[in-house]
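A structural walkthrough
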Amino acid sequence: MTTTERPATGSEQLRSVIATELDRTRARTASLTDAVDDDDLVRQHSTLMSPLVWDLAHVGNQEELWLVRDVGGREPVRRDIDDLYDAFKQPRRDRPSLPLLPPAEARAYVRTVREKVYDLLDGIRFDDRKLVEDGFAFGMIVQHEQQHDETMLATHQLRAGAPVLDAPPPPEPRARVGGEVLVPAGPFTMGTSTDPWALDNERPAHTVDLPAYVIDAAPVTNGQYRAFVADGGYDESRWWSEAGWRHRVEAELSAPMHWRRDGDGWAYRRFGRWSPLRDDEPVVHVCWYEAEAYAAWAGKRLPSEAEWEKAARWDPATGRSRRYPWGDEDPTVEHANLNQRHLWPAPVGAYPAGASPLGVHQLIGDVWEWTSTTFRGHPGFVAFPYREYSEVFFGDEYRVLRGGSFGTDRSACRGTFRNWDYPIRRQIFSGFRCARDARPDEAHA
Ligand SMILES: [Fe+2]
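For the structure given in this document, a descriptive report is provided here.

About the thresholds
Residues numbered from 1 in each chain as written. Predicted model: local features only at pLDDT ≥ 70, side-chain atom pairs only at ≥ 80, totals over all residues. Heavy atoms only, no water. Phe/Tyr/Trp six-rings, centres within 6.5 Å; stacked < 30°, edge-to-face > 60°. Lys NZ or Arg CZ within 6 Å of the ring centre and 35° of its normal. Salt bridge = Lys/Arg side-chain N within 4 Å of Asp/Glu carboxyl O. Helix = DSSP H or I, 4+ residues; strand = E, 2+ residues; numbered from the N terminus. Buried < 20%, exposed > 50% of the residue type's maximum accessible area, 1.4 Å probe, protein only. Donors = N, O, S within 2.8 Å, 3.2 Å for Na, K, Ca; no water.

Details of the packing of aromatic side chains
Considering all chains together, one arrives at 31 aromatic pairs under this definition. Their ring planes at 70° and their centres at 6.3 Å tell us that Y225 and Y234 sit as a pair that is edge-to-face. In textbook terms, an aromatic cluster arises when at least three aromatic residues are bridged by ring pairs, as seen for W66, F88, F375, F381, Y386, Y389, F393, F394, Y398, W420 and Y422. In this structure, R248 packs its charged tip against the face of W245, placed 4.7 Å from the ring centre. Sitting over the face of the ring of W314, K310 holds its NZ or CZ atom 4.8 Å from the ring centroid.

Given below as C-alpha cells:
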C-alpha cells in the first residue's frame, strides 16, 4: 500500500511513508523558490501575497514548532524568529517590510529544521500521544507545506516578468461530458472520523439528509462563462447579490482575473504567457460573487457544501461515502489534474476515470469549486491540535471551496477536504459548478 492519507500502521512502514512525503513536498517547495532569483524571492508581487521567502521560512518555522519542539521535545532552532513567521501576527501586506531571513539564510534554516525532523523521526513511537497517532503531526506539516506550495504557485501567477515555470499541458478530453446529474433525495455520510491525516474541520463523520437536487456534470467552462460576459452579465445588477454588485462596481470587475480582450475573443495569462482562451477548460480565477452571478444568470445556483460532497462521495450501490469520487484509492494521473503536474485546468472530459458513480466529473483537481456555504465546524467539531487551524475562521465571512485545483497536492486533497476564503478572492485557482433543486417530476422519476 502506498497511500499517504491512510498510512500503514507498522511503524517502519509509516516512517518510510512520512520520509517520502516530506522529501516529495520539499522538492516542490525548492522548485517554486529556486525558479526565481533572490530579488524576486524577497519582492512582494501582490499585496495579497507574501514574498516567497516568507512562505519558505514560515514553512520551516511551523515544522520547527510542531515537530522539533512539540513532538520531538528538542531545543528551539531559532526561537527569535517565531513572531516574524506567525501568520496571525503579521498581515500579508506588512510581510515585505519585516526583517526577514534573506534567501540563503532561509534555505539554511529550513534545511537545519528538516535534519532535526529526520533525526527524531528515527526514534519516534506513533502511539505515545494523539498528536502523533498514525503520524498525524507529520501529515499535518506535509499538508501545511503543500498548501503553501499552492499559495506560492498563486504568487507565481501574479508575478510580472519573464515566465519561469513550465509544465506539459493537461490531457485532452477522453469522454463527452456535459449537462446535469440528478442526485436522489436521502441521507449520506459527510466528513470523516477515520482518515488518519484528515484535519479537524473534516471531522467527525455525520449523516446529512438532502432533498433531491441536480448538479452540473462538469465545472463551468470558459466558453459558458464567456457567454455570460458577452450577454452583459457584468453590466446588469439583477444577476448579482447586493454585496456582490457593490464589489463588482468598486473593484471594477468586467471578466475573470488574468483575462484580456484579444480581437473578437479573449486571451488568458498563465504564469507569464498569454494564450487564447480555450472554451472547454473550466473557468478559473473567479470570485464567489462572480460565481453567484453567473449561476443566477444561468437560472441555477451554487451547490451547498453538502451537495458538493454528496455528489463527490456517495455511492448509490452501497450507500457509503468514498474517499474520492472514483473510490478509496489515492489519485493517479488517470483520476485528476493535481500535484502541479500541469499549470492550468484540464478540458472537460479529460478524466473519465475520476468520475463519481453518478457521473459527476472533475470534482477533484482542476479548479477549487466555490460552494454557497459559509465556513463552520461539522456537528461535533473539536479543534485539534490548535484553534488557529480552522476554528478561528468559522463564521459568515468565509465561503467554502472544495475539491482542490491543478495546484493542489494529493496529500491536501480528498473528498472531505475543506478550503475557505473571502467571497471577493480570485487570485486563488477558483472556479465553480452550478446546481439547482430537482423539479418534482425529476425527483420522483
Ligand atoms: Fe501557514
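Re the pattern of salt bridges
A side chain with one charge can pair with a side chain of the opposite charge if their charged atoms come near. This model, assessed by the stated rule, comprises 50 salt bridges. A salt bridge links R26 to E63, with the shortest nitrogen-to-oxygen separation between them at 3.2 Å. Of this pair, R26 sits in helix α1 (residues 11-34) while E63 sits in helix α3 (residues 52-71), and the two are 37 residues apart along the sequence. Where E180 meets R436, a salt bridge forms, and the shortest distance between an N and an O atom there is 2.8 Å. With E180 in strand β1 (residues 180-183) and R436 in strand β12 (residues 435-437), this pair connects stretches of sequence that are 256 residues apart. The class for R436 is buried, based on a relative accessible area of 15%. Within the structure, one salt-bridge network assembled from shared partners comprises E180, D216, K300, R436, R439, D441 and E442.

Observations regarding the coordination of the iron ion
A four-donor tetrahedral metal ideally has 109.5 degree angles, and a six-donor octahedral metal ideally has angles of 90 or 180 degrees. Those protein atoms acting as donors to the iron ion are H58 (NE2), H144 (NE2) and H148 (NE2), and they sit at 2.2 Å. Sequence spacing of the donor residues for the iron ion, all on one chain, is H-x85-H-x3-H. Here H144 pairs with H148, and both are found in helix α5 (residues 136-158), just four residues apart, close to one helical turn. Of the two residues examined, H144 and H148, each falls in the buried class.

Focus: unusual backbone geometry
Residues R203 and P204 are joined by a peptide bond in cis, for which omega reads -10°. Summarising the element assignment, P204 is placed in the loop between β2 (186-190) and β3 (206-210). In this model, F384 is joined to P385 through a cis peptide bond whose omega is -5°. In this fold, P385 is placed in the loop between β8 (368-374) and β9 (399-402). Of note in this structure, E252 is not a glycine but carries a positive phi near 55°. Along the polypeptide, E252 turns up in the loop between α7 (242-250) and β5 (259-262). In this structure E252 comes out as exposed when scored by relative accessible area, which is 65%.

All quantities given are derived from atomic positions and should not be read as evidence of function.
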